[in-house]
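Secondary and tertiary structure notes
What follows is the residue order along each chain.
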Amino acid sequence: MSEQMKTRYLSVDSDVDNLTETGAVRTAAALLKDNLTVAFPTETVYGLGGNAESREAIERIFRAKGRPADNPLIAHVARKDDVYRYASSVSEQAEQLMDAFWPGPLTIIFPHNGTLPEAVTAGLSTVALRMPGHPLALAIIEEAGVPVAAPSANTSGRPSPTAAVHVREDLDGKIAAIVDGGATGVGVESTVVDCSSEKPAILRPGGITKEEIENIIGSVEVDSALSAGDEAPRSPGMKYTHYAPNAAVTVVSGSDRFFQEQINNAAAQGRRVGVLVPEEKKDLFTGVEEERICGSVNDMASVARDLYASLRSFDLSGRSDLILAMAVPETEIGQAIMNRLRKAAGNRVIAEK
Ligand code: AMP
Ligand code: MG
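Overview of the structure. (Residues numbered from 1 in each chain as written. Chains lettered and ligands numbered in written order. Predicted model: local features only at pLDDT ≥ 70, side-chain atom pairs only at ≥ 80, totals over all residues. Heavy atoms only, no water.)

The next thing to look at is the sheet that holds strand β16 (residues 349-351). The strand order across the open sheet formed by 5 strands is β14-β13-β15-β12-β16, and the pairing between neighbours is parallel. Only two strands of the sheet have a single neighbouring strand rather than two, namely β14 (290-293) and β16. Pairs of neighbouring strands in the sheet enclose a mean axial angle of 25°, with direction left out of account. Alignment of strand β13 (residues 273-277) against strand β15 (residues 322-326), held across 4 bridges, turns out to be parallel. By the bridge assignment for β15, Val273 is matched with Leu322. In the packing of helix α11 (residues 300-317) onto the sheet, contacts are made with β13, β14 and β15, and the angle to β14 comes to roughly 155°. Across the face of the sheet, helix α12 (residues 333-344) comes into contact with β12 (248-253), β13, β15 and β16 while running at roughly 135° to β12. (Pairing = 2+ DSSP bridges. Helix = DSSP H or I, 4+ residues; strand = E, 2+ residues; numbered from the N terminus. Axes fitted to C-alpha atoms, helices over the stretch in contact; angles between N-to-C directions. Contact = heavy atoms within 4.5 Å.)

Quick look at the structure:
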């Protein structure tokens, strides 16, 4: 059972010069120091923060989210140097990645030195660390003076929150506070890259692309389970269904004609079909219960930004029982988008031959 509490709403003026001085940042930091849980925006999605050094705070995060205990958390730091407090060694490649992408949407896996509680690392020999780029996130972590574990601030399995209202939908009454800093920028989670062994590997595609990483450290592996689907992934979180709205999701890859055929087939079986398509395909398809526009194909970053809010909006209407999502090209940020869509779909993908 998760604890019941009154959730406080903390808003922040967007035109403040010194965020650390704002009441919201001070209050959020004080709650974190008391080992309570606070949701706040990062540049990827809203995170549910808790003091990473406190077992009590970590337990609160797992309970509020209903997160499986074997799924480790990312600890967020406000300075690069803090890595040396928790990692037992830092490879040259990890240094290069930190210099290139921190603060930013890249999580790096290091061998840990045992400082953080086992609940954070789920008993693994490694720890995931990130320095986020959002000024509010940085100000809160800095002011709290502790590393902040912060998985996405949603109920486990649901689409991640990209606005404070999404956090409220899932976690109202279960966490101490929500800091409302407006919509997040990237819209999908950080890229997770494992630098704990000699050969770096991407365990989860995200806000920093494989191409960007390879520009810095040369070729990287991509965890085979990301494409195979059946192997045990090295990133425990990747084995769970995730990001899913209530209605079943199927990803459709192919021509517009093929997409329309899938709508017709499903409708013929009595399904109420919702479609998730980019702006360019607006009003193109017939026989649909409802349509959601998600970004533009000419601007894949906009697809990433809109993705989770679009998925959540199907739950709000409740009109569809099947969502057909249009596939996007799997290059750059498209890799992260397709990874999340496949997870939301439980790997149901229909591709034109
Ligand atoms: P979330 O907090 O929901 O954004 O998920 C964090 C992701 O990082 C999950 O997929 C975790 O399984 C993964 N992760 C966290 N710590 C580790 C670690 N030490 N080794 C491998 N993957 C990790
Ligand atoms: Mg998550």
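Here we come to unusual backbone geometry. That bond from Trp102 to Pro103 is cis: its omega, -5°, falls within 30 degrees of zero. Not every positive phi belongs to a glycine, and Tyr243 is a case in point at roughly 60°. Its location among the elements puts Tyr243 in the loop between α9 (225-228) and β12. Accessibility expressed as a relative area gives 1% for Tyr243, which makes it buried. One non-glycine residue, Glu332, adopts positive backbone phi at about 50°. Tracing the sequence through the fold places Glu332 in the loop between β15 and α12. By relative accessible area, Glu332 is classed as partly exposed at 48%. (Buried < 20%, exposed > 50% of the residue type's maximum accessible area, 1.4 Å probe, protein only.)

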